[in-house]
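Now for the letters of each chain:
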Amino acid sequence: MMAMKKSFSLLFFLPFLLLAIIYFVIFPNEFRLQSSLAACGDSAPATAADAVAKAAPDIRVLLGVLTRADKYERRALVRLAYALQPAPARAVVHVRFVVCNLTAEEDAALVGLEIAAYGDIIVLDCTENMDNGKTYTYFSAVPRLFAGEPYDYVGKTDDDTYYRLGALADALRDKPRRDAYYGFLTPCHADPRTQYMSGMGYVVSWDVAAWVAATPELQNDLKGPEDKLFGRWLRWGGRGRNVFGAEPRMYDYLDGGMRHGPTCFRHLLQADTVAVHKLKDNLKWARTLNFFNATEGHKASPLFHVDH
Ligand SMILES: *[C@@H]1O[C@H](CO)[C@@H](O)[C@H](O)[C@H]1NC(C)=O
Ligand SMILES: *[C@@H]1O[C@H](CO)[C@@H](O)[C@H](O)[C@H]1NC(C)=O
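Residues numbered from 1 in each chain as written. Chains lettered and ligands numbered in written order. Predicted model: local features only at pLDDT ≥ 70, side-chain atom pairs only at ≥ 80, totals over all residues. Heavy atoms only, no water.

**Structural notes on the sheet that holds strand E10 (residues 250–254)**
Strand order across the open sheet formed by 4 strands is E6-E12-E10-E11, with mixed pairing between neighbours. A single partner strand is all that each edge strand has here, and the edge strands are strand E6 (162–163) and strand E11 (266–268). (Pairing = 2+ DSSP bridges. Helix = DSSP H or I, 4+ residues; strand = E, 2+ residues; numbered from the N terminus.)

**Regarding the packing of aromatic side chains**
For any two aromatic rings, the description comes down to two numbers: the centre-to-centre distance and the angle of the planes. Evaluated as defined, the whole model comprises 14 aromatic pairs. Ring geometry for Tyr-136 and Trp-233: centres 5.8 Å apart, planes at 90°, overall edge-to-face. Taken as a pair, Tyr-136 in helix H5 (residues 134–145) and Trp-233 in helix H8 (residues 226–237) lie far apart in primary sequence, 97 residues in all. Centre to centre, the rings of Trp-211 and Trp-236 are 6.3 Å apart; their planes meet at 45°, and the pair counts as tilted. Of the two residues, Trp-211 is situated in helix H7 (residues 206–213) and Trp-236 in helix H8; the sequence distance between them amounts to 25 residues. Judged by its relative accessible area of 11%, Trp-211 falls in the buried class. Given a relative accessible area of 55%, Trp-236 falls into the exposed group. Ring pairing ties together the aromatic residues Tyr-136, Tyr-138, Phe-139, Tyr-181, Tyr-202, Phe-230 and Trp-233, which thus form one cluster. Its guanidinium or amino end placed over the ring of Tyr-72, Arg-75 lies 5.1 Å from that ring's centre, counting from NZ or CZ. (Phe/Tyr/Trp six-rings, centres within 6.5 Å; stacked < 30°, edge-to-face > 60°. Buried < 20%, exposed > 50% of the residue type's maximum accessible area, 1.4 Å probe, protein only. Lys NZ or Arg CZ within 6 Å of the ring centre and 35° of its normal.)

**Considerations on the site of ligand 2**
For ligand 2, the full set of nearby residues is Phe-291, Phe-292, Asn-293 and Glu-296. Contact between ligand 2 and Asn-293: an oxygen atom at 2.3 Å from a side-chain N or O atom of the residue. Contact with the protein chains hides 39% of the accessible area of ligand 2, taken as 360 Å² for the molecule alone. Along the lines of polarity and charge, the residues of the shell around ligand 2 split into 2 nonpolar, 1 polar and 1 charged. (Near = heavy atom within 4 Å. Polar contact = N/O pair within 3.5 Å; in protein donor to acceptor, adjacent residues only side chain to side chain. Areas by Shrake-Rupley, 256 points an atom, 1.4 Å probe, with all protein chains shown as cover. Nonpolar A, V, L, I, M, F, W, Y, C, P; charged D, E, K, R; others polar.)

**A look at the pattern of salt bridges**
With the rule as written, the count across this model stands at 22 salt bridges. One salt bridge in this structure joins Arg-173 and Asp-58, with 2.9 Å as the shortest N-O distance. Here Asp-58 lies in the loop between strand E1 (51–52) and strand E2 (59–66) and Arg-173 lies in helix H6 (residues 165–173), a separation of 115 residues in the sequence. Exposure remark for Arg-173: the relative accessible area of 17% places this residue in the buried category. The class of Asp-58 is partly exposed, set by a relative accessible area of 31%. The partner of Arg-75 in a salt bridge is Glu-114, and the shortest N-O contact between them spans 2.8 Å. Residue Arg-75 is located in helix H3 (residues 72–83), and its partner Glu-114 is located in helix H4 (residues 105–118); the two are separated by 39 residues in the primary sequence. Its relative accessible area of 10% is what places Glu-114 among the buried residues. (Salt bridge = Lys/Arg side-chain N within 4 Å of Asp/Glu carboxyl O.)

**Some details on the state of the cysteines**
This model, assessed by the stated rule, comprises 2 disulfides. Here Cys-100 connects covalently by a disulfide to Cys-126, the sulfurs 2.1 Å from one another. Disulfide Cys-100 to Cys-126: torsion about the S-S bond roughly -95°, handedness left-handed. Here the residue Cys-100 occupies a position in the loop between strand E3 (91–99) and H4, and Cys-126 occupies one in the loop between strand E4 (121–123) and H5, the gap between them amounting to 26 residues. The residues Cys-100 and Cys-126 share a single accessibility class, namely buried. Each sulfur in the disulfide pair Cys-188 and Cys-264 lies 1.9 Å from the other. Disulfide Cys-188-Cys-264: the torsion about the S-S bond is 45°, which places it as right-handed. Of this pair, Cys-188 sits in the loop between strand E7 (180–186) and strand E8 (196–205) while Cys-264 sits in the loop between E10 and E11; the two residues are 76 residues apart in sequence, bridging distant segments of the chain. Taking relative accessible area as the criterion, Cys-188 reaches 16% and is therefore assigned buried. (Disulfide = S-S within 2.5 Å.)

Printed below as a string of structure tokens:
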């Protein structure tokens, strides 16, 4: 009788045990996702696109990808590209997509779904057809949005730039945490008094973002190319004086099939890249991700066949 009861309860639990094992084997990432969610606090919801270090991080970076709500396909690609990057050592780099108010009905619903699924979107108080001022709105909103858990550095980039987050964190680690302005200096090799960090992406220390937020005078200087303006604001305010040019580790994409040749700001992909810009179509993204071995982790399976 006892033996029967025992084997009955074993039989009863066996399917649940099997389910648990199958779940763990098929969705091991769920567990990683849960732990990064727990680690992140309320101001920065974690997502699959987060690069959260395992060892105690000594640097925290926010990288805002300025994009438009309706660019679903590009956003999916960029999110995937960052999700598959190896997590940087000893660093937290949060990649967030930055859009203006969701005015179209479909964007409110569909971007809302993305926010629910990934939690990696920041909606700023601005309108997208405004040709100027989004960079200002972004840098002036971040200090307030993340006041509870400030970052060491705040970066801005576009959805045609691919950063290698570990390389970025390593490049910033030994830089001053105050008054810093890191990126690709343009025009290259020009008079430093005329240079600013190119729109391919740049990073400032938290105090510089806080200064932008606390300086309403900048609102009188929002007309013109945004990244050039940003450089002008800093020069005017005497901020970001620790200037670090990342040439040649940040550059515009070039491959052999293109008409133009290399310049000081454009060259072939290289292994120590921090960021590559002008990834205007899927083929350029594909070649870039291949170069950086993003697809290396694929296991062989009879279910698919990937040639490249
Ligand atoms: C954006 O949306 C918020 C909340 O609905 C609203 O208060 C604000 O005026 C909007 N901003 C713009 C620039 O349309
Ligand atoms: C990609 O992998 C190949 C083969 O393992 C290696 O030789 C190459 O250096 C890697 N590329 C980069 C950019 O890490």
